[in-house]
Amino acid sequence: YLEYCGIELALAQKTLDNKRIYLFDFSKYMDDANMWFDSLSIEEVEAFFKKRKYSLSSRHNCANVVRGFLRYVFDTGKYGRDCSVYVLKDNYRKNSKLPTSYEEQEIRSMIDSVERASAIGKRDYLVLLLVSEYGWRAKDVTLFRFDQVDWDDNVIRFDQHKTDVPVEFPLLSSVGNAIIDYLKHGRPKSHVPEIIVSHMGVNLGTPLSSPTIHSIVAKYLRRADIAGWTRKKHGPHAMRHSLATNLLKKNVALPIISTVMGHQRTETTKLYVSVDYDKLKACALPMPPLHS
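For clarity, every value in this text was computed on a predicted model and none was experimentally measured. (Residues numbered from 1 in each chain as written. Predicted model: local features only at pLDDT ≥ 70, side-chain atom pairs only at ≥ 80, totals over all residues. Heavy atoms only, no water.)

A.B. asks: Lay out the side chain of S242 with the relevant residues and their values.
C.D. replies: Secondary-structure assignment places S242 in helix α10 (residues 236–249). Overall, the relative accessible area of 0% leaves S242 in the buried class. Each residue touching S242, except ones within four places of it in the same chain, is listed here: T100, S101, Y102 and I107. (Helix = DSSP H or I, 4+ residues; strand = E, 2+ residues; numbered from the N terminus. Buried < 20%, exposed > 50% of the residue type's maximum accessible area, 1.4 Å probe, protein only. Contact = heavy atoms within 4.5 Å.)

A.B. asks: Describe helix α8 (residues 173–185), naming the residues involved and giving the relevant values.
C.D. replies: Between the first and last C-alpha of α8 there are 18 Å, a value that for 13 residues agrees with the 18 Å anticipated at 1.5 Å per step. Along α8, the residues classified as buried are V175, G176, A178, I179 and Y182. Buried residues along α8 cover an arc of 160° about the axis, so they all sit on one side. Every exposed residue of α8 that faces more than 90 degrees away from the buried side is listed here: S173, N177, K184 and H185. (Expected span 1.5 Å × (residues − 1). Arc of directions from axis to C-beta.)

A.B. asks: Break down the sheet that holds strand β3 (residues 166–170) for me, with residues and values.
C.D. replies: Pairing in this open sheet of three strands is antiparallel, and the strands run β1-β2-β3 from one edge to the other. Here the strands that pair on one side only, and so sit at the sheet edges, are β1 (149–150) and β3. Bridge analysis of β1 against strand β2 (residues 155–159) gives two bridges, and the strand direction is antiparallel. Opposite V149, over in β2, you have I156 as the bridge partner. (Pairing = 2+ DSSP bridges.)

Right, dumping it as structure tokens:
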């Protein structure tokens, strides 16, 4: 089934890995209970979810994976009954909440709070520029390599880690200067191809991890004393949402925002933009006078 998803559906490796994890859980549950497909029922599937104690989002994702697998088993004739009907749909809505976003001035205050005289400050300043100016995901920051920078054409090119979609960004002067400053005056000696590395202890000179990128963003939101940051998402993905939302506020067309975000479909980009309250207010009709 996973081979079919990879070859026929052309799903990304990370998506296949997630499917593998959920299917392993489901397969182990069936093995432990000595079950076969003819033993499946709504009650058995719900018992599986109850035993795993998934979060709402994980339960939703697992249900989709298991449902697709069982439908594949039926469609390919490996079992004569469509057991996917036993995986009930839920009311989970991934995008029912407004995405977190920060105003441009708040992001500028965060970046300005970096003490850039130190080596770590130079590194953190570069990280903050990449997540706020380009909207890069944490993994793309940690995998940022020397060979991805074309200094002659002033562009950065790479395949996104999450989607494997190739993207190209203009090498902004602020980013280019930050890279040069970090390489000349901050980066520890290291032979790894990644530009941004650790400055601490046994990890000295090794690439950073995604949680470290999250910690760097949170550190400077706290230092800049951004109002309410602890009650909002405060990692690199929040900067990604903010970039899309602030571009929308500047009346940038959605297809252009999709290109900046590295999305293949504008429908995906719509999930990233928050509500533009100013434009909504312009659409509001006046309340008629009340007489009772």
